[in-house]
Amino acid sequence: MMKDIYLFSHRLKRARKLKKLTQEGLAKKLYVSKSTEQRWEEAIRVPNKEMLERISMVLDVDIDYLLGLQNRRRVKFTYQPVVNGDTKEVSYMKVLK
């Protein structure tokens, strides 16, 4: 559960800037509109669980850091793509770094 939506929005913005991404650049990497990403940074909306995982992967930050549950920014995990042989859908598996 998120401790503080404003802390989330601040940490999202900071992590984005540390990766030298614009709002539009991050939105493209996440396959969302720029306005969706802006709403997260303005603390108007919050992303769902699946999107939090994508944000964590793209920005290389721990989800718990984004949610205000810890102060350590770096992830201990990485995500490896897994392709379903039947449907060819790609999902991601969380593994230790």
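Look a little higher up for the structure.
Draft legend 1. Region of interest: the overall build of the chain. Along the backbone of the chain there are five helices and two strands. Seen in sequence order, the chain has helices and strands lined up from the N terminus as α-α-α-α-α-β-β. Across the 97 residues that make up the chain, the buried fraction comes to 35%. A separation of at least 24 residues holds for 39% of the contacts in the chain among residues at least 6 apart in sequence. Counting every atom, the chain has about 6600 Å² of accessible surface; 50% of that belongs to carbon and sulfur.

Draft legend 2. Summary view of the pattern of salt bridges. Within this structure, the stated rule accounts for three salt bridges. In this structure, the salt-bridge partner of R16 is E41, at a minimum N-O distance of 2.5 Å. With R16 in helix α1 (residues 5–18) and E41 in helix α3 (residues 34–41), this pair connects stretches of sequence that are 25 residues apart. In this structure, R16 and E41 share a single accessibility class: buried. Put simply, E24 and K28 hold a salt bridge, and the shortest N to O gap is 3.9 Å. Of this pair, E24 and K28 are both found in helix α2 (residues 23–30), four residues apart, which corresponds to roughly one turn of the helix. Look at E24 and you get partly exposed, because its relative accessible area is 42%. A cluster of three or more residues bridged by salt bridges with shared partners is formed by R16, E37 and E41.

What counts and how
- Residues numbered from 1 in each chain as written.
- Predicted model: local features only at pLDDT ≥ 70, side-chain atom pairs only at ≥ 80, totals over all residues.
- Heavy atoms only, no water.
- Helix = DSSP H or I, 4+ residues; strand = E, 2+ residues; numbered from the N terminus.
- Buried < 20%, exposed > 50% of the residue type's maximum accessible area, 1.4 Å probe, protein only.
- Contact = heavy atoms within 4.5 Å.
- Areas by Shrake-Rupley, 256 points an atom, 1.4 Å probe, with all protein chains shown as cover.
- Salt bridge = Lys/Arg side-chain N within 4 Å of Asp/Glu carboxyl O.

Coordinates in, geometry out; function isn't part of it.
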